[in-house]
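# Working through the structure, step by step
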Amino acid sequence: MDFSGYDKKIRDLVSLVEEQYTLFDEGIFHNLGLLLGIAESIEDEALEGYVCYQLADAYYSFHFDVDRMQKYLSLGIKVQQESQDFSLLAQSHNLLGITEFLRGNFALSLDYYVSALNYCQKMESPNRGLRGIVNSNIARLYFALNDYDHGRYYAEEALYEISGTPVDNAYLSNLINIYTFLGNIYLSRSRDVAAARACMKSIEQLVKETPFEKELLGGIDILTFSIRLSHYENKIEDRELLIRRFADSAVLSAIRTNMIEDVCDLADFFMEIGKTEECRHVLHLLEAKLSEIGFVEIQKRFVESKIRFYTGIGDLAERNAVCFSFYELMKEQEKEKVSAFLFALGIRRDLEDLRQQNAFMEEENIRLTKKAEYDELTGLPNRYHLSDYS
């Protein structure tokens, strides 16, 4: 959104909000509240749509608060549609898609992603970066469904789109995400070590050009990929060093919600290669992290790893207890899916009502214009209509 036409107070607040988002500063909620109050007082739908999206994103990213996220997305999508802000509409539907993916509602998630891509096509100036992000999310969805071919196709599409965007922090983060994702697909699908190594070389080249090379290479997403790659390259010493680094409590404390499934995959991988104690340690640290997160699908994925662990070490009593908790989570998820479906219906209904209202207003304007410019008795143009030709 272009803020150049707004006064200094609004521009300063927007800059502060963007900085606070990057720094995970809780003060963002206060300043977004101020911006929302300003937007409502001056009846600026474009600004209101922007603030609602930022509030929704902040509640999701900072607190995993799905209820408040949905509240502000619902409000935001209406005003974004009114102001025809297709960029924010695409971002809003992409965020809804991410949320439903994390909740295990894959069909609904894909529907949101497709809507996001459709809004991208309506934008006057194409946003390749945004299209790339949506495509990378679709790739992750297919990968979760074990459809590696479609997953790779959308990941490569995302790579193509994002590669053509301006170089900034978002560019770097998105490219690293896609290269690690593609590398994991190559290893999981066909044990294509050469292709996976090419992805790692691309990552190393990217981070070498930044002042944060060591920090980036030590990130969880790259570490999990590096451990697998070292194993399949038979570089056992490198693998052991990376495993020790990964098991560090400080590293695992930095896990974000969208990384938990990858970490669970790695815990399963540890069991496959006989690293029982390392798997136990990772699951123990993950359990503390999951207490902060309310996504049932993520909790289910964690419980699956616990089931594999207890089965692997032969502790059938613990395995059976964990299986029961998995059953309880499945029942809870069914209720959650109904709630998510009803929310999606509400969004569709609101947008349809808005379209009908706009169509009625357009027809009414045409009728009133004709009534003002034509004589009712004769049907001939009156002097107001003729003034257009004077």
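Rules used throughout
Residues numbered from 1 in each chain as written. Predicted model: local features only at pLDDT ≥ 70, side-chain atom pairs only at ≥ 80, totals over all residues. Heavy atoms only, no water. Helix = DSSP H or I, 4+ residues; strand = E, 2+ residues; numbered from the N terminus. Expected span 1.5 Å × (residues − 1). Buried < 20%, exposed > 50% of the residue type's maximum accessible area, 1.4 Å probe, protein only. Salt bridge = Lys/Arg side-chain N within 4 Å of Asp/Glu carboxyl O. Axes fitted to C-alpha atoms, helices over the stretch in contact; angles between N-to-C directions. Parallel < 35°, antiparallel > 145°, perpendicular 65-115°, else oblique. Left-handed = near helix turned anticlockwise from the far one by under 90°. Contact = heavy atoms within 4.5 Å. Phe/Tyr/Trp six-rings, centres within 6.5 Å; stacked < 30°, edge-to-face > 60°. Lys NZ or Arg CZ within 6 Å of the ring centre and 35° of its normal.

### Examining helix H17 (residues 296-313)
Spanning 18 residues, H17 covers 26 Å between terminal C-alpha atoms, matching the ideal 26 Å at 1.5 Å per step. Listed in full, the buried residues belonging to H17 are Val296, Glu297, Ile298, Lys300, Arg301, Phe302, Val303, Ser305, Lys306, Ile307, Phe309 and Tyr310.

### Brief notes about the pattern of salt bridges
Taken as a whole and judged by the stated rule, the model has 19 salt bridges. When the shortest N-O distance is used, the salt bridge between Arg280 and Glu277 registers 3.4 Å. Highlighted residues: Arg280 and Glu277, both in helix H16 (residues 276-290), separated by three residues, approximately one helical turn. Taken together, the salt bridges that share partners define one network made up of Asp265, Asp268, Arg301, Glu304 and Arg308.

### Structural notes on the packing of helix H7 (residues 128-144) against helix H8 (residues 148-163)
Relative to each other, H7 and H8 sit at 165°, their axes nearing to 7 Å. When the axes of H7 and H8 are compared, the pair comes out roughly antiparallel. Of the two possible hands of crossing, H7 and H8 adopt the one that is left-handed. Taking contact as the criterion, the partners of Arg128, Gly129, Arg131, Gly132, Ile133, Asn135, Ser136, Ile138, Ala139, Tyr142 and Phe143 in H7 are, on H8, Tyr148, His150, Gly151, Tyr154, Ala155, Glu157, Ala158, Tyr160, Glu161 and Ile162.

### Notes on the environment of Arg189
Its place among the elements puts Arg189 in helix H9 (residues 169-190). Taking the C-alpha atoms as reference points, Arg189 and Gly132, 57 residues apart in sequence, are found 22 Å from one another.

### A word on the packing of aromatic side chains
A ring pair, where both rings are aromatic, is described by two values, the distance of the centres and the angle of the planes. Evaluation of the coordinates by the stated rule reveals 16 aromatic pairs. When the ring of Phe3 is compared with that of Tyr6, the centres are 5.8 Å apart and the planes differ by 50°; the resulting orientation is tilted. Note on Phe29 and Phe62: the rings are 5.6 Å apart at their centroids and 80° apart in plane angle, and the pair reads as edge-to-face. Residue Phe29 is found in helix H2 (residues 28-41), and its partner Phe62 is found in helix H3 (residues 45-63); the two are separated by 33 residues along the sequence. Comparing Phe29 with Phe62 shows no difference in burial state: the two are buried. Chaining the aromatic ring pairs together yields one cluster made of Tyr21, Phe29, Tyr59, Phe62 and Tyr72. Sitting over the face of the ring of Tyr160, Arg128 holds its NZ or CZ atom 4.7 Å from the ring centroid.

### Here's the deal with unusual backbone geometry
For Glu43, which is not glycine, the phi dihedral falls at a positive 55°. Among the secondary structure elements, Glu43 is positioned in the loop between H2 and H3. For Glu43, a relative accessible area of 69% translates into the label exposed.

Read these as geometric descriptors, not functional statements.
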